[in-house]
Amino acid sequence: MTLVKAKELRKKDIFSKSDPYAVISVGKQSHKTKTMKNTHEPEWNHDIHLEERSPSGTEVKIHIFNKKSLAKDDSLGYIIFNTKELFHHPKLINRWIKLEGTKSGQVLLAAEFIENEIESPEVTPIVESVKIPVTKEEKGRVH
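To keep things clear, this report deals only with the structure shown in the data block.

Cut-offs used in this document
- Residues numbered from 1 in each chain as written.
- Predicted model: local features only at pLDDT ≥ 70, side-chain atom pairs only at ≥ 80, totals over all residues.
- Heavy atoms only, no water.
- Helix = DSSP H or I, 4+ residues; strand = E, 2+ residues; numbered from the N terminus.
- Contact = heavy atoms within 4.5 Å.
- Areas by Shrake-Rupley, 256 points an atom, 1.4 Å probe, with all protein chains shown as cover.
- Salt bridge = Lys/Arg side-chain N within 4 Å of Asp/Glu carboxyl O.
- Buried < 20%, exposed > 50% of the residue type's maximum accessible area, 1.4 Å probe, protein only.
- Pairing = 2+ DSSP bridges.
- Axes fitted to C-alpha atoms, helices over the stretch in contact; angles between N-to-C directions.
- Core = buried A, V, L, I, M, F, W, Y, C linked by side-chain atoms within 4.5 Å.

### Quick look at the overall build of the chain
Next, step 1: If you tally the helices and strands in the chain, you get 1 helix and 8 strands.
Next, step 2: Shown N-terminal to C-terminal, the secondary structure of the chain runs as helices and strands in the order β-β-β-β-β-β-β-β-α.
Next, step 3: A fraction of 52% describes how many contacts in the chain between residues 6 or more apart in sequence connect residues 24 or more apart.
Next, step 4: As displayed, the chain has an accessible area near 10900 Å², and 52% of this comes from carbon and sulfur atoms.

The following block contains the structure:
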């Protein structure tokens, strides 16, 4: 999955543009993008690999913040989706998603569901050649 970029982010600073970054939460893990300085249209191209094991999917939250130097960072909005959305056709997502919890803003999300091939636990070993040691007594006998 790739958080590509955002656009139309809400203006929070009075004298300058925002310094946006994103926090991507998947289960108990969080990933933070780089902070992009002075822009309302950041481009992160932040990749994360998700290994899905549940048929019901996993919730993913992407929360966009405006970095502040002296105060608490401002929320610029968020999206929440479930990875099971990738299990159906098309298995490829490349779309703009409107941010919630704010008046404006969208993120471009690219993701692809690639099905793992399941390996069989029953693997039969192949023996190409076996050398059996021969004793001195056996060398003289003809079989």
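There is more to say after this.
### A few points about the pattern of salt bridges
Next, step 1: Taken as a whole and assessed by the stated rule, the structure comprises 3 salt bridges.
Next, step 2: With a closest N to O distance of 4.0 Å, D73 and K67 form a salt bridge.
Next, step 3: Note on D73: relative accessible area 18%, which makes it buried.
Next, step 4: The class for K67 is partly exposed, based on a relative accessible area of 34%.
Next, step 5: Notably, a salt bridge pairs K68 with D74, separated by 3.7 Å at the nearest N-O pair.
Next, step 6: For K68, a relative accessible area of 24% puts it in the partly exposed group.

### A word on the sheet that holds strand β3 (residues 29–32)
Next, step 1: Spatially, 4 strands are ordered β3-β2-β5-β6 in an open sheet, and the strand pairing comes out antiparallel. If you trace the sheet from one side to the other, it starts and ends with β3 and β6 (74–82), each paired once. Shown here is a sheet whose adjacent strand axes are inclined to one another by a mean of 15 degrees, direction ignored.
Next, step 2: Of the strand pairs in this sheet, strand β2 (residues 20–26) and strand β5 (residues 59–66) are connected by 7 bridges, and their pairing is antiparallel. Paired with P20 across the strands is N66, a residue of β5.

### A closer look at the sheet that holds strand β4 (residues 43–47)
By way of backbone hydrogen bonds, the strands of a sheet pair with one another, either parallel or antiparallel.
Next, step 1: Pairing in this open sheet of 4 strands is antiparallel, and the strands run β4-β1-β8-β7 from one edge to the other. Only two strands of the sheet have a single neighbouring strand rather than two, namely β4 and β7 (92–98). Adjacent strand axes in the sheet meet at a mean angle of 15 degrees, parallel and antiparallel pairs treated alike.
Next, step 2: Sheet topology places β7 next to strand β8 (residues 106–112); 7 bridges connect them, and they run antiparallel. Within β8, the position partnered with W96 by the bridge is L108.

### Things to note about the nonpolar core
Next, step 1: Residues M1, I24, I62, I64 and V107 are the most contacted members of the largest nonpolar core, which totals 21 residues.
Next, step 2: Discounting residues that sit within four places of it in the chain, I62 has contacts with M1, L3, A22, V23, I24, G77, Y78, I79, F81 and L109.

### Focus: the environment of E8
Next, step 1: Along the polypeptide, E8 turns up in the loop between β1 (2–7) and β2.
Next, step 2: Using a relative accessible area of 41% as the deciding quantity, one classes E8 as partly exposed.
Next, step 3: Every residue in contact with E8, bar those within four places of it in the chain, is listed here: H40, E41, S104, G105 and Q106.

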